[in-house]
Amino acid sequence: MPATVGRRANRLATVRRVTSRVDRRIVVRVSIVAAVAYAAWLAIGAFGRPYNFFDMKIYHGAVVWWATGHELYEFVAPETTLGFTYPPFAGLVMLPMAHLPIEAAGMMNALASLAAMAVVLAALLRPIVDRLGWSLWYTVALAVPLAAAIEPTRETLGYGQVNLLLFALVMADLIGLRWRSRRGTHVAPDDGLLLRFVYSGAWAGVGIGLATAVKLTPALFIVYLMITRQWRVATTAIATTIGVTIGTFGIVGDESRTYFGSVLWQTERVGAADMTPNQSLAGLLARLYDSIETPGLLWFSFSVLILALGLSRAAHSHADGDELTAFTLVGLTANVISPISWTHHLVWVIPAIIVLADAAVRRRDASRGLTYRAGSGGANSGLPNVNGLRPPIWYPTLTGLRHGIAAVALYLLFLVSPIWPYEHQLPEVSHYQDGLFGAVMENSLALALIVLVAALPWRPGAEPVFYADRLGRIPATARR
């Protein structure tokens with residue numbers, strides 16, 4: 001009996017020690033998350049601009065104006081020349097907020113955008129943290145405030161923009177593609193029809209279609225799907241876009257005719273091309289030429305070149321099994337070639353940073369698997385001797401270093417956002433007012449986007465998306 005009591009006491013003591021250790025670990029992690037969130041808040045205050053839901057006030061004023069019987073595209077915000085520039089379907093989606101105060105609408109948009117970003121980050125990071133054995137909730141809890149602090153996210157939240165919601169719609173299709181390629185692995189026998197449909201990924205393409213109906217630039221993803229012969233998803237996206245647009249015509253025909261007949265082509269409604277926050281190729285060229293307008297022929301020529309490069313690299317990334325990098329390249333390409341890409345549009349740098357960081361970890365892990373083992377040689381060594389020379393001991397340490405540096409540098413660039421200290425406005429102030437360095441800083445985000453389109457690495461076999469019908473046409477040896 002005493003021995004039994006002693007064993008029970010030992011087990012209870014062990015449980016208490018383990019519980020105490022787990023509790024301390026949770027407290028430490030929560031403290032770190034809180035510290036990172038506070039640092040992100042300070043960074044937003046230090047590097048961001050004053051935010052007062054400026055764009056949300058335009059959207060809110062436009063739908064209130066529309067709800068009271070006026071023409072949607074005739075609205076002009078007080079003390080500005082700005083009006084509603086989105087397709088009429090976006091107006092229908094935003095119409096319910098006409099019953100809310102502006103501040104409430106802005107806060108609801110900010111909370112929904114943060115929630116959408118958290119879900120997207122969890123989906124994007126899960127394959128990585130599973131491979132590395134990290135905690136998903138802890139990784140996402142750190143990633144959300146870090147992502148919220150950089151220029152595209154803080155501008156989206158502060159101005160009441162919808163870019164994170166559109167980003168989530170597009171990335172939802174990426175998740176659908178993953179589930180479709182692993183058809184049936186997420187579904188239990190007792191799951192209902194709804195769960196079976198969701199996990200089947202049969203709906204992939206709807207997100208891109210809805211995003212295209214709200215804002216036309218996501219249509220480039222449909223082009224990418226067609227180039228990579230993902231016909232079913234491309235068809236779903238096209239059908240969704242056309243269906244939603246035709247349905248909108250049926251509900252608000254006058255606004256639809258006004259938008260597609262005239263408003264769509266009035267590029268001056270959104271601002272001058274050379275404005276500093278326009279970090280597209282068109283904005284870059286306008287500022288380099290110190291002109292309000294973009295040199296059209298030069299812009300078109302370079303846009304075609306970047307479009308071909310971006311889509312070609314995205315197709316190769318897809319073929320190598322890295323769909324996340326493929327989607328990221330398409331999004332970055334759309335940012336570069338669009339006539340206007342405000343800094344809050346540049347949310348595709350978030351997955352670009354993830355890709356670069358994961359590429360660094362993958363290369364370092366791969367090099368560690370081939371590390372030279374002391375005391376062995378020839379066929380027994382981790383790396384073969386070349387001409388009798390042993391591999392340098394620093395090789396595994398430096399492998400992936402450039403990708404890690406690139407990830408950190410990209411994050412810091414979009415955190416600090418050095419364009420604002422060198423913001424200039426023609427005709428009052430030349431874009432070369434602060435010399436060559438000032439011109440480079442004012443265009444730094446646009447230059448970074450172009451470099452990413454040309455050089456963002458993909459990770460072979462990272463998150464492959466291949467359909468069962470396509471696999472059936474591939475020889476078994478190739479599949480293995």
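The model shown is predicted, which means the values in this text are computed figures rather than measured ones.

**With respect to empty space enclosed by the protein**
This model, assessed by the stated rule, comprises one cavity of 30 Å³ or more. By volume, the largest cavity amounts to about 30 Å³. Around the largest cavity sit Pro87, Pro88, Phe89, Ala213, Thr245, Thr248 and Phe260, which together line it. Of all elements in the fold, only α3 (88-94) and α11 (231-251) reach the threshold of two or more residues within the lining of the largest cavity. Per-class residue counts for the lining of the largest cavity are five nonpolar, two polar and no charged.

**Examining the environment of Leu447**
Position of Leu447 among the secondary structure elements: in helix α20 (residues 444-455). The class for Leu447 is partly exposed, based on a relative accessible area of 35%. Taking the C-alpha atoms as reference points, Leu447 and Leu284, 163 residues apart in sequence, are found 8.2 Å from one another. The contacts of Leu447, once residues within four sequence positions are left out, are Leu284 and Val440.

**Here's the deal with helix α13 (residues 281-288)**
With seven of eight residues buried, α13 is to be regarded as a mostly interior element. Taken residue by residue, α13 has Leu281, Ala282, Gly283, Leu284, Leu285, Ala286 and Arg287 as its buried positions. On the buried face of α13, the contacting elements are α14 (296-319), α15 (323-337), α19 (435-442) and α20. The residue sitting at the N-terminus of α13 and contributing the capping side-chain oxygen is Ser280; that oxygen lies 3.3 Å from the backbone nitrogen of Ala282. Within two residues after α13, Asp290 carries a phi angle of roughly 50°, on the positive side.

**Regarding the packing of α11 against helix α12 (residues 253-261)**
Two elements in contact, α11 and α12, have axes separated by 5 Å at closest approach and are oriented at 125°. By the angle between their directions, the pair α11 and α12 is classed as oblique. When α11 is examined against α12, the residues Thr245, Thr248, Phe249 and Ile251 are found in contact with a partner set consisting of Gly253, Ser256, Arg257 and Phe260. Partitioning the contact of α11 with α12 into residue classes produces three nonpolar, four polar and one charged.

**Some words on the layout of surface pockets**
Approximately 670 Å³ is the volume attributed to the second largest pocket. Broken down by secondary-structure element, the contributors of at least two residues to the lining of the second largest pocket are α4 (102-132), α5 (136-148), α16 (349-369) and α18 (401-416). Here the element with the most residues in the lining of the second largest pocket is α16; it accounts for seven residues. Split by residue class, the lining of the second largest pocket holds 22 nonpolar, two polar and one charged.

**A word on the packing of α18 against α20**
Axis separation between α18 and α20 bottoms out at 10 Å; the angle between their running directions is 150°. Considering their axes alone, α18 and α20 lie roughly antiparallel with respect to each other. Remark: the crossing between α18 and α20 carries left-handed chirality. Judged by residue contacts, Leu410, Leu413 and Phe414 of α18 engage Ser444, Leu445, Ala448, Leu449 and Leu452 from α20. Considering only residue class, the contact of α18 with α20 consists of seven nonpolar, one polar and no charged.

**Re the pattern of salt bridges**
Pairing between side chains becomes possible if they bear opposite charge and their charged atoms approach one another. According to the stated counting rule, one finds eight salt bridges in the structure shown. Across the pair Glu151 and Arg154 runs a salt bridge whose closest N-O atoms are separated by 3.0 Å. A residue pair is termed a helical-turn pair when its members lie 3 or 4 positions apart in one helix, as Glu151 and Arg154 do in helix α6 (residues 151-159) at three residues. Sharing partners across several salt bridges, the network here consists of Arg131, Asp322, Asp358, Arg362 and Arg459.

**Comments concerning the nonpolar core**
Among the nonpolar cores identified, the biggest contains 104 residues, and Phe84, Leu121, Met171, Phe327, Leu332 and Phe414 are the most heavily contacted of them. In terms of residues, this core owes the most to one element, α4, which gives 10 residues. When sequence neighbours within four positions are dropped, the list of residues in contact with Phe414 reads Ile150, Glu151, Pro152, Arg154, Leu346, Val349, Leu445, Ala448 and Leu449.

**Describing unusual backbone geometry**
The linkage connecting Leu426 with the following residue, Pro427, adopts the cis geometry, with an omega of 0°. Take Pro427: it is sitting in the loop between α18 and α19. With phi around 65°, Glu79 is a residue other than glycine that occupies positive phi space. Looking at the element boundaries, Glu79 is found in the loop between α2 (54-67) and α3. Note on Glu79: relative accessible area 86%, which makes it exposed. The residue Ser417 is not glycine, and still its phi comes out positive at about 50°. Here Ser417 lies in the loop between α18 and α19.

**Side note on the confidence of the model for the protein chain**
Scored by pLDDT, the protein chain comes out at a mean of 85, with 83% of its residues at no less than 70. Confidence drops under pLDDT 50 across residues 370-393; counting only partners more than four residues distant or on other chains, this segment forms 21 contacts. Scored below 50 in pLDDT, residues 467-480 shows 10 contacts in the model against residues more than four places distant or in partner chains.

The rules behind each value
- Residue numbers here run from 1 along each chain, matching the order of that chain's written sequence.
- Reporting of local features is limited, given that this is a predicted model, to residues whose pLDDT is at least 70; pairs of side-chain atoms are given and counted only at 80 or more, and all residues count toward the totals for whole chains, interfaces and linings.
- Water and hydrogen atoms were dropped before computing side-chain values, which therefore reflect all heavy atoms in the structure.
- A cavity here means a set of 1 Å grid points, computed over protein atoms only, where a 1.4 Å probe fits but cannot escape. A pocket is an open set with protein on both sides within 12 Å along at least 5 of 7 lines, and lining residues have an atom within 4 Å of a point.
- Grid points are joined across faces, edges and corners, and a volume is the space filled by probe spheres set on the points.
- Counting from the N terminus, the helices are the DSSP runs of H or I reaching at least four residues and the strands are the DSSP runs of E reaching at least two.
- Note that Gly is not counted as nonpolar here; it falls among the polar residues with everything else outside the nonpolar set of Ala, Val, Leu, Ile, Met, Phe, Trp, Tyr, Cys and Pro and the charged set of Asp, Glu, Lys and Arg.
- Relative accessibility under 20% of the residue-type maximum defines a buried residue, over 50% an exposed one, and the middle range a partly exposed one, all with a 1.4 Å probe and only protein chains included.
- Contacts between residues were defined by any pair of non-hydrogen atoms, one from each residue, lying within 4.5 Å.
- Any pair of N or O atoms that falls within 3.5 Å is considered a polar contact. Within protein, one atom must be able to donate a hydrogen and the other to accept it, and sequence-neighbouring residues count only if both atoms are side-chain atoms.
- Think of each axis as a best-fit line through the C-alpha atoms, taken over the contacting stretch in the case of a helix, with angles from 0 to 180 degrees between the N-to-C directions.
- For classification purposes, an angle smaller than 35 degrees is called roughly parallel, one larger than 145 roughly antiparallel, one from 65 to 115 roughly perpendicular, and anything else oblique.
- By convention, the crossing between two helices is left-handed when the near helix turns anticlockwise from the far helix through less than a right angle, and right-handed when the turn is clockwise.
- Here, a salt bridge means any side-chain nitrogen of Lys or Arg that lies within 4 Å of a carboxyl oxygen of Asp or Glu.
- To qualify as a nonpolar core, a set must consist of buried Ala, Val, Leu, Ile, Met, Phe, Trp, Tyr and Cys residues joined through side-chain atoms within 4.5 Å.
- pLDDT measures how confident the predictor is about each residue, on a scale from 0 to 100.

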